[in-house]
Amino acid sequence: MKLLLPLLALCFLPLIFGVHLKRSSSSTTTCCVTVYEDVGYKGANRQFCGNVGFLGDYGWNDRISSWKSNCSPRMYSDAYGKGAVIVKNEYKDLREPCMSFGRVNGVTQCVARWNDQISSIYF
Ligand SMILES: [Ca+2]
């Protein structure tokens, strides 16, 4: 009976170790995004790896028209993760997705789209 507890602990060791291994290998993936000035992944571009509180610090405020990423970055309309948000691993043409809806003459419709609106990036 005294042997049962250490024996059980030994049985769970690979499980604990396995979880640890899995966790450490996934944390080595660096999230990066390449942003483009034009739609279709064209024009001037720049890669960001890590959060960007204000794209204006890099000359990229309200300038992004498409992006590609190995993760799914959260792109915000305002600096420091504020305003509207759009999340996707890539977007080929930001003239398409609607950023905000409003009522015009009693009809709900898109009043602003995402092209040239992104001001901050968070992973
Ligand atoms: Ca903006």
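Below: a short report on this structure. Note that the structure is predicted; figures quoted are calculated from it, not measured. (Residues numbered from 1 in each chain as written. Predicted model: local features only at pLDDT ≥ 70, side-chain atom pairs only at ≥ 80, totals over all residues.)

**Regarding the nonpolar core**
Move 1: Counting 15 residues, the largest nonpolar core has V35, I64, W67 and I118 as its most contacted members.
Move 2: Secondary-structure elements contributing two or more residues to this core are β1 (32-38) and β4 (74-78).
Move 3: The greatest single-element share of this core, amounting to three residues, is contributed by β1.
Move 4: Beyond its immediate stretch of four places on either side in the chain, W67 contacts V33, T34, V35, Y36, E90 and Y91. (Core = buried A, V, L, I, M, F, W, Y, C linked by C-beta atoms within 7 Å. Buried ≥ 20, exposed ≤ 12 C-beta atoms within 10 Å, placed from the backbone. Helix = DSSP H or I, 4+ residues; strand = E, 2+ residues; numbered from the N terminus. Contact = placed C-beta atoms within 7 Å.)

**Some thoughts on the sheet that holds strand β6 (residues 90-91)**
The pairing of strands in a sheet comes from backbone hydrogen bonds and takes either a parallel or an antiparallel form.
Move 1: One open sheet accounts for four strands, arranged β2-β1-β3-β6; its pairing is antiparallel. Bordering the open sheet on either side are β2 (42-49) and β6, each of which pairs with just one other strand.
Move 2: In terms of strand pairing, β1 meets strand β3 (residues 66-69) through four bridges, oriented antiparallel. Along β3, the bridge assignment pairs Y36 with S66. (Pairing = 2+ DSSP bridges.)

**Let's talk about unusual backbone geometry**
Move 1: With a phi close to 60 degrees, Y41 is a non-glycine residue in the positive phi region.
Move 2: Residue placement: Y41 occurs in the loop between β1 and β2.
Move 3: At Y80, a position not held by glycine, the phi torsion is positive, near 60 degrees.
Move 4: Owing to 13 C-beta atoms within 10 Å, Y80 belongs among the partly exposed residues under this scheme.

**Some words on the pairing of strand β7 (residues 98-104)**
Move 1: Buried residues are scarce in β7, accounting for zero of its seven residues.
Move 2: The sheet contact formed by β7 and strand β8 (residues 107-113) spans six bridges and is antiparallel. What sits directly across from R103, in β8, is T108.
Move 3: Between β7 and β8, which follow one another and run antiparallel, lie two residues, and N105 among them has a positive phi close to 55 degrees.

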